[in-house]
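# Structural overview for review
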Amino acid sequence: PLIALHANDNAGALATLNALPEKYKSGVLKLSADNAAPNPDTWYLVAERNGDDSNIHNLTVTGGQIVSDKRTIGLREIFGQAGPVSVVRVAVDSRDAFDIAQKYARANGQTVGSVSFALQQKGGSSAPIWSVWCYSPRGSYQGLLQILATDGTVIANDAFPVKP
């Protein structure tokens, strides 16, 4: 069954995170999407249910609705030592991360056609980080930017040598 999310803009990451059912809000280990230009059709989440790291679920959100909710072992998230994303600390939405990548591309005479996103946090005291894989309008890989989700600072960039 489809579960409707209640958000004004159901296409962005923050709207998706903020509209999650309470049982998942404090346990999001990873939020990701592909083919975003700037917003994706579908968001994928790995989340602990009610903060229980033995009760991990893969969620798929399309059009503002949870279309899939499956329990999983979550080995990659457990062994990768990802901590729950502090949603209240995420000030940079996916659209903002896309715009930052586009500014870097333009400073280098390029254009970003689409991106793949991943939002994760390595531990409780670390900042949530956007990983943004950039692709040209023709689909060729341009590189990776890592951006602090708290303030938009680019902390890693193998894509565009010239800063905007």
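Higher on the page you've got the structure.
Okay, so let's go over this structure. A quick note: this is a predicted structure, and the numbers were derived from the prediction, not measured. (Residues numbered from 1 in each chain as written. Predicted model: local features only at pLDDT ≥ 70, side-chain atom pairs only at ≥ 80, totals over all residues. Heavy atoms only, no water.)

## Quick notes on the overall build of the protein
Each helix and strand counted, the protein has four helices and nine strands in total. Counting from the amino terminus, helix and strand elements in the protein follow one another as β-α-α-β-β-β-β-α-α-β-β-β-β. For the protein, the proportion of its 164 residues judged to be buried stands at 48%. When the accessible surface of the protein is split by element, carbon and sulfur atoms take 48% of a total near 8300 Å². (Helix = DSSP H or I, 4+ residues; strand = E, 2+ residues; numbered from the N terminus. Buried < 20%, exposed > 50% of the residue type's maximum accessible area, 1.4 Å probe, protein only. Areas by Shrake-Rupley, 256 points an atom, 1.4 Å probe, with all protein chains shown as cover.)

## With respect to the packing of aromatic side chains
Enumeration according to the criterion identifies three aromatic pairs in this entry. Of the aromatic side chains, those joined through ring pairs into one cluster are Trp 43, Phe 117 and Trp 130. (Phe/Tyr/Trp six-rings, centres within 6.5 Å; stacked < 30°, edge-to-face > 60°.)

## What to know about the nonpolar core
Trp 43, Leu 45, Phe 117, Trp 130 and Val 132 are the most contacted members of the largest nonpolar core, which has 37 residues in total. Breaking this core down by element, the ones donating at least two residues are α1 (13-18), β2 (28-36), β3 (42-49), β4 (52-62), α4 (94-107), β6 (114-120), β7 (129-135) and β8 (141-148). Considering each element in turn, this core owes the most residues, six residues, to α4. (Core = buried A, V, L, I, M, F, W, Y, C linked by side-chain atoms within 4.5 Å.)

## Some words on α4
Look at α4: 20 Å from first C-alpha to last across 14 residues, which is about the 20 Å you get at 1.5 Å a residue. Of the residues making up α4, those classed as buried are Ser 94, Ala 97, Phe 98, Ile 100, Ala 101, Gln 102, Tyr 104 and Ala 105. (Expected span 1.5 Å × (residues − 1).)

## Observations regarding the environment of Asn 39
Mapped onto the secondary structure, Asn 39 falls in the loop between β2 and β3. Distance from Asn 39 to Phe 117, taken between C-alpha atoms, is 9.9 Å for residues 78 residues apart in sequence. Discounting residues that sit within four places of it in the chain, Asn 39 has contacts with Ala 11, Gly 12 and Ser 94. (Contact = heavy atoms within 4.5 Å.)

## Remarks on the pattern of salt bridges
It is possible for side chains bearing opposite charge to pair when their charged atoms get close. Under the definition given, this model contains two salt bridges. As a salt-bridge pair, Lys 25 and Glu 22 come within 3.4 Å of each other at their nearest N and O atoms. A residue pair is termed a helical-turn pair when its members lie 3 or 4 positions apart in one helix, as Lys 25 and Glu 22 do in helix α2 (residues 22-25) at three residues. Note on Glu 22: relative accessible area 61%, which makes it exposed. For the salt bridge of Arg 95 with Asp 99, the shortest nitrogen-to-oxygen distance reads 3.1 Å. Highlighted residues: Arg 95 and Asp 99, both in helix α4, separated by four residues, approximately one helical turn. (Salt bridge = Lys/Arg side-chain N within 4 Å of Asp/Glu carboxyl O.)

## A few points about unusual backbone geometry
Backbone torsion omega between Ala 37 and Pro 38 reads 0 degrees, so that peptide bond is classified as cis. Relative to the helices and strands, Pro 38 is located in the loop between β2 and β3. Positive phi values are uncommon outside glycine, yet Asn 35 reaches one of about 55 degrees. Classification of Asn 35 by relative accessible area gives exposed; the value is 63%.

## A short note on the environment of Ala 101
The topology assignment puts Ala 101 in helix α4. In sequence terms Ala 101 and Gly 143 are 42 residues apart; their C-alpha atoms lie 10.0 Å from each other. Here Ala 101 is in contact with Val 112, Val 132, Cys 134, Leu 145 and Phe 160, once residues within four sequence places are set aside.

## Quick notes on the side chain of Asn 108
Tracing the sequence through the fold places Asn 108 in the loop between α4 and β6. Using a relative accessible area of 19% as the deciding quantity, one classes Asn 108 as buried. From its side chain, Asn 108 meets the backbone oxygen of Val 162 in a polar contact 2.7 Å long. (Polar contact = N/O pair within 3.5 Å; in protein donor to acceptor, adjacent residues only side chain to side chain.)

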